[in-house]
There are 2 protein chains.
Amino acid sequence: MPSVIGLLTGRVGRPPGAPMAPRDGPGAVITADRPVKFQASRRVRGIDGKAEPMASHGARGRSGGRPTLEEVAARAGVGRGTVSRVINGSPRVSDATRAAVEAAVAELGYVPNTAARALAANRTDAIALVVPEPETRFFAEPYFSDMLKGVGAELSETEMQLLLIFAGSDRRRQRLAQYLAAHRVDGVLLVSVHADDPLPDLLAQLEIPAVISGPRSAGETLASVDSDNYGGARSAVEHLLARGRGRIAHITGRLDVYGAQRRVDGYRDALRDAGHDADELLIESGDFTEEGGRRAMAELLRRRPELDAVFAGSDVTAAGARQALREAGRRIPEDVALVGYDDSAIARHLDPPLTSVRQPIEEMGRAMIDLLLAEIADRRPAASRGLERQHVVLATELVERSSS
Amino acid sequence: MPSVIGLLTGRVGRPPGAPMAPRDGPGAVITADRPVKFQASRRVRGIDGKAEPMASHGARGRSGGRPTLEEVAARAGVGRGTVSRVINGSPRVSDATRAAVEAAVAELGYVPNTAARALAANRTDAIALVVPEPETRFFAEPYFSDMLKGVGAELSETEMQLLLIFAGSDRRRQRLAQYLAAHRVDGVLLVSVHADDPLPDLLAQLEIPAVISGPRSAGETLASVDSDNYGGARSAVEHLLARGRGRIAHITGRLDVYGAQRRVDGYRDALRDAGHDADELLIESGDFTEEGGRRAMAELLRRRPELDAVFAGSDVTAAGARQALREAGRRIPEDVALVGYDDSAIARHLDPPLTSVRQPIEEMGRAMIDLLLAEIADRRPAASRGLERQHVVLATELVERSSS
DNA sequence: AGGTACTGTGGGAGCGCTCCCACAAGTGAT
DNA sequence: ATCACTTGTGGGAGCGCTCCCACAGTACCT
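Source: prediction; values computed, not measured.

Each value, and the rule that gives it
Residues numbered from 1 in each chain as written. Chains lettered and ligands numbered in written order. Predicted model: local features only at pLDDT ≥ 70, side-chain atom pairs only at ≥ 80, totals over all residues. Heavy atoms only, no water. Helix = DSSP H or I, 4+ residues; strand = E, 2+ residues; numbered from the N terminus. Buried < 20%, exposed > 50% of the residue type's maximum accessible area, 1.4 Å probe, protein only. Contact = heavy atoms within 4.5 Å. Areas by Shrake-Rupley, 256 points an atom, 1.4 Å probe, with all protein chains shown as cover. Lys, Arg positive; Asp, Glu negative; His and termini not counted. Salt bridge = Lys/Arg side-chain N within 4 Å of Asp/Glu carboxyl O. Polar contact = N/O pair within 3.5 Å; in protein donor to acceptor, adjacent residues only side chain to side chain. Axes fitted to C-alpha atoms, helices over the stretch in contact; angles between N-to-C directions. Parallel < 35°, antiparallel > 145°, perpendicular 65-115°, else oblique. Nonpolar A, V, L, I, M, F, W, Y, C, P; charged D, E, K, R; others polar. Pairing = 2+ DSSP bridges. Expected span 1.5 Å × (residues − 1). Arc of directions from axis to C-beta. Phe/Tyr/Trp six-rings, centres within 6.5 Å; stacked < 30°, edge-to-face > 60°. Lys NZ or Arg CZ within 6 Å of the ring centre and 35° of its normal.

Details of the overall build of chain A
The helix and strand tally for chain A stands at 14 helices and 13 strands. Relative to its full complement of 404 residues, chain A shows a buried share of 51%. Long-range contacts, defined as pairs at least 24 residues apart, comprise 72% of the intrachain contacts of chain A with a sequence gap of at least 6. Accessible surface, chain A as shown: approximately 17,600 Å² in total, 51% of it carbon and sulfur.

So, the side chain of A:Arg66
Within the element layout of this structure, A:Arg66 appears in the loop between strand E1 (4–8) and helix H1 (69–76). No salt bridge is formed by the buried A:Arg66; the nearest opposite charge belongs to B:Asp186, separated by 9.3 Å. Polar side-chain contacts of A:Arg66 include one of 3.4 Å to the backbone oxygen of B:Ala182.

Digging into the packing of helix H2 (residues 80–87) of chain B against helix H3 (residues 95–108) of chain B
Residue and element names in this part refer to chain B. Where H2 meets H3, the axes come as close as 10 Å, and the angle between the chain directions of the two elements is 85 degrees. Here H2 lies roughly perpendicular to H3, going by the angle between them. Of the residues in H3, those touching H2 at Thr82, Val83, Val86 and Ile87 are Thr97, Arg98, Val101, Glu102 and Val105. Among the residues making up the contact of H2 with H3, the classes are represented as 5 nonpolar, 2 polar and 2 charged.

Structural notes on the sheet that holds strand E7 (residues 248–252) of chain B
All names here are of chain B. Spatially, the 6 strands line up as an open sheet ordered E8-E7-E9-E10-E11-E13, and their pairing is mixed. Looking along the sheet, the strands with just one partner apiece sit at the ends: strand E8 (283–285) and strand E13 (397–399). Each strand axis lies, on average, 20 degrees off the axis of its neighbour in the sheet, ignoring direction. In terms of strand pairing, strand E9 (residues 309–312) meets strand E10 (residues 337–342) through 3 bridges, oriented parallel. Residue pairing across strands places Val310 opposite Leu338, the latter belonging to E10.

Structural notes on helix H9 (residues 229–242) of chain A
Quick reminder: α-helices carry 3.6 residues per turn. Residues three or four places apart thus point the same way. Residue and element names in this part refer to chain A. Between its terminal C-alpha atoms H9 stretches 20 Å, which fits the 20 Å expected from 14 residues at 1.5 Å a residue. All of the buried residues in H9 are Asn229, Gly231, Gly232, Ala233, Arg234, Ala236, Val237, His239, Leu240 and Leu241. Positive phi shows up at Gly244, right after H9, with a value of about 90 degrees.

Describing H3(B)
All names here are of chain B. Between its first and last C-alpha, H3 extends 20 Å over 14 residues, near the 20 Å set by a 1.5 Å rise per residue. Residues of H3 that are buried include every one of Arg98, Val101, Ala104, Val105 and Leu108, and no others. Burial along H3 is one-sided: seen end-on, the buried residues are contained in an arc of 125 degrees. Across H3 from its buried face, at more than 90 degrees, point the exposed residues Asp95 and Ala96. Each element contacted by the buried residues of H3 is listed here: helix H1 (69–76) and H2.

Observations regarding the packing of aromatic side chains
What characterises a pair of aromatic rings is the spacing of the ring centres plus the angle enclosed by the ring planes. All told, the structure shown has 4 aromatic pairs over all chains when counted by the stated rule. A cation sits over an aromatic face here: A:Arg263 above A:Tyr341, 3.6 Å from the ring centre.

A look at the pattern of salt bridges
All names here are of chain B. Evaluated as defined, the whole model comprises 53 salt bridges over all chains. Ionic pairing is found between Arg80 and Glu70, a salt bridge with its closest N-O pair at 3.4 Å. On the criterion of sequence distance, the pair formed by Arg80 in helix H2 and Glu70 in helix H1 is long-range, its members being 10 residues apart. A residue is classified by how much of its surface remains accessible, and Arg80, at 49% relative accessible area, is partly exposed. Classification of Glu70 by relative accessible area gives partly exposed; the value is 49%.

Everything listed is a geometric property; what it means functionally is a separate question.
Structure follows, in structure tokens:
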């Protein structure tokens, strides 16, 4: 499978009277509410099939017979600049002129030439969603498709095109670097990036606007969107406490992931605030995998056989823990209550169904796009930057099921 | 989810001495075998963060400080045209000059500007894979991902970018039409198109090269790639005959799909050639669905209870037939042998595992790309067209399992 | 010598846009 | 009436490429 999938997200027409988007707005390409009909548009080649003389240089040729801005202008009896303003939705055009231009556009079936626009304006109207994972994982995990849904929804209000780039192997990362160096996108969305990934630095160097889905640290330099890992963990632990559990263990995620650290913090603080003594032996690190969860659970049972609840760093981890608990003869939730994180599909399908902390992934996608578009728009007027990076944190929600 | 996913498939560098591809070849963008290192490339903005005067018109500005062809030429002490020839891999450059240019390219970290190239050359170096289905089906059915794999593999030798366009709803078809009208792709790959789809006509009108994966009829006007439905069906029936079955029924696919008709033809001819009388009551039409298969099977059992084998138009259909057979108390394969088509995942997982006709889907994807690239290349020199459309048919293979 | 035919090279013209300057016309304060 | 804005408009000057023509240089014929 190729390493970059791109999603078309632009819209076809701009709702009449819709507010202008930033930077004079990505305007309507064409006001195509009417049925999309394609006039056979005068062709370059003669009827006999032989190539027309096609005056080596001079009037219309290469474009394949498509109308240009200039032609629309002539038709509408206005200048080129005015047509451009109408096309791009600038407000500084009189109503009469606008109507004339729109009529000409419709009559000629004018569609802007993307390449010319990109060249002149030095932008691509495309952004990339970079996934440093093999595409199999991408398609398998609902996390990504939820994110994609949010991103797509938010983007559908714009003319932006989305490219999905898989950077799971060295070869692909190389390709990605190439792609970025060619400035083929106006901005980048980064998901599931590890702490030591050089990609963020590359983006900074190339001065490409970027938003990261989970900050790499408290001092993240890129704009970021995250769910409230700390709060989510707290809510899980508080829920267990409220259920009367007092010996709550935690299987962490990979601790080089900042979000996993924050969950540990939330776990610790919730227990401390409830007046429980810290017990480091109730914490065992996992790695977000099922096997890791099983191993960690077995270890916890060995160290603290009297535990009565487990907060796992992910649903998959919880699934592993569940197996270890079963093997040890512990019943869920009677003997040990279990809470996961992510509220993924497995949470619902586990036996018993798993209480889990839901992250608003789709919303995170939307938020990322908002931030990114703002950054792109800001950058445009090569103006005084130095804006602080935005960091958005979205609330989580505990979904209670019968495992706790 | 957005309606167009684009896949990046281009390569990073051209293998030294690789044969030139058509039309003077999509050449190496940059000879980046060396580790991808990004020089901080002189920036437009001053160190203090304020915008440089940036002489309103005149030398270098908009491009964001990236080197241009002109600069590479100056550095290498040659003309602009020569650098262009080197970049595009033209053979009409002396070795010494080429080396000098390549050195300059490497030193400056030159990467061609895609937009400028697209504008000047009137091409996009992108093609679209159009899927007139919702993306859920796309991701669920291995048919598509296999196809994608083949397409991606073949494309990885070129600089072409792939766009995946979902045209499952009216809105999306509209968007697609818009996209095509803007000539944002050089060519289109069409998969699973129904007989009455207007898309092929639209493509013809816009003069966009296109290849279809299953011809809509014997007189398909578009270039096409298909598997040998006729031969595949024959091999299935011949296999059943060889196993001593004499009363072989057929559950067809949707008969508005040309391939399904061809399978019926193959079925008929195989029986006729073996000296069996035609028995139209052994043929019942399905619709490629499980429910259709079940219904058709029930009907066949009612009409011809003495049947001893079934050739189903697809694996899914076979799965439906299997249920109906079970319900009727027939054992597979003892009482009734069952053969499917597609050799999809369910064929392996059915109980008993299903004998099925495998189509070389990945190869079909490759073949489609080959045809499409050839068409695109042919079209370029607006030369005498009128070439006959190419139709490629690939052989199928019978995969024997225990259901027959 | 003068053709004829290459190969290799430089650079003009142009692709279809956006950006921005110039300027006409209108509006209102002085 | 003059000045200072504002609003709307036209069009020049690019953006960074590709295409192709022109031409120098070399080679091999007559």
